[in-house]
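If you want the building blocks of each chain, they are given just below.
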Amino acid sequence: VIDTSYISVQNKDCNCKNRKFNDFQDSILLKFNLFDSDICQLLCNKKVNYNYIDSLISQNDLPLKFSFLPLVNSRLNNHYSNGLGSIGLWELNYIYGLHNGLKMDSYIDERKDPVKSSIAAVKQLKNFHEKYKKTNWTLLAYWSSPSYINHVHQVAKSAVWDSCSVYIDQEYLDKLLLLNTVFRLDSLGVVEIKKPDLKTQTLDTVVLNQKISFNAIYDLTAIDLNVVQRNNPFLLKPFLPSNHPVSINHSEKEILENALKLIINY
């Protein structure tokens, strides 16, 4: 179970087995402008910084392949936007975020929070998987919508994937092929962790009863706001929001608490 009250920042190196890539050729990678170095970096990033996703997928009895969706959807970018309203690591749209408990307003978009968005996305995937039973249909529902699937079924006069695939937009078929390819590459063991020791920085949490501006914090403290922003990617504006947990390291929390009265009166 993930404790969302803190985030561990991990530093760990990976090693790529180039000979594995040499034996593996797939045009779908080039179609998405993904080269060996890109795949290596993404798989390494997933293993090091997003290993809790595998646990979430496993706890919910979902196919392990689903844990590679953030790699395919956003290339593990918390700030990703597809330009059509889907945002974050999992490329969640507003409806999926809303239905699965994420907070989204003018100051906060929790679709950009890697842990909370992962929990929400897995809930959505589980819902679709229970409905459609099959991996391909679950993924298609997540990328499009149930109404799109109903339309495909009606046009194809079938609910069998092979019969319907000719009526499915190529965009979705390509993403499915890319997901299968990345999953297969990981199964081949192209990336291995080099360093067994973890260097972690455990972050504390602060909750304020009113929002405060970055300007006030910058002028009255030595807190590095770039680090605060990096540890809280869900922040949309230069403010610490009210009544919402913000991740901050221990020393900076102490500085903030000591200067809070001055900051509020700024």
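The structure we're discussing is the one just above.
Residues numbered from 1 in each chain as written. Predicted model: local features only at pLDDT ≥ 70, side-chain atom pairs only at ≥ 80, totals over all residues. Heavy atoms only, no water.

Quick look at the pattern of salt bridges
- Taken as a whole, this structure holds six salt bridges when the rule is applied.
- Across the pair R111 and D109 runs a salt bridge, and its minimum N-O distance is 2.8 Å.
- The class of R111 is buried, set by a relative accessible area of 5%.
- When its relative accessible area of 6% is taken as the criterion, D109 is described as buried.
- The partner of E110 in a salt bridge is K116, with the nearest N and O atoms 3.0 Å apart. (Salt bridge = Lys/Arg side-chain N within 4 Å of Asp/Glu carboxyl O. Buried < 20%, exposed > 50% of the residue type's maximum accessible area, 1.4 Å probe, protein only.)

Observations regarding the packing of helix α3 (residues 36–49) against helix α11 (residues 170–187)
- α11 packs onto α3 with a crossing angle of 75 degrees between their chain directions and a minimal axis gap of 11 Å. With respect to their mutual orientation, α3 and α11 come out roughly perpendicular. Counting all contacts with α3, which are made through I39, L43 and K47, the residues of α11 involved are V182, L185 and D186.
- Here the contact of α3 with α11 is composed, by residue class, of four nonpolar, no polar and two charged. (Axes fitted to C-alpha atoms, helices over the stretch in contact; angles between N-to-C directions. Helix = DSSP H or I, 4+ residues; strand = E, 2+ residues; numbered from the N terminus. Parallel < 35°, antiparallel > 145°, perpendicular 65-115°, else oblique. Contact = heavy atoms within 4.5 Å. Nonpolar A, V, L, I, M, F, W, Y, C, P; charged D, E, K, R; others polar.)

Some points on the nonpolar core
- Formed by 56 residues in total, the largest nonpolar core has its most connected members in W90, W137 and Y142.
- Per-element tally for this core: the top contributor is helix α7 (residues 114–132), with seven residues.
- Beyond its immediate sequence surroundings of up to four residues, W137 is in contact with Y132, I149, V152, H153, A159, V160, W161, C164 and I168.
- Listed in part, the 18 residues of the second largest apolar core include V206, L225, L240 and L256. (Core = buried A, V, L, I, M, F, W, Y, C linked by side-chain atoms within 4.5 Å.)

Concerning the packing of helix α4 (residues 52–59) against α7
- Between α4 and α7, the least distance of the axes is 10 Å, while the angle of their chain directions is 25 degrees. In terms of axis orientation, α4 runs roughly parallel to α7. The hand of the α4/α7 crossing is right-handed. Two secondary-structure elements touch here, α4 through Y52, I53, L56 and I57 and α7 through P114, V115, S118, I119 and V122. (Left-handed = near helix turned anticlockwise from the far one by under 90°.)

The values reported here are purely geometric and, on their own, carry no functional implication.
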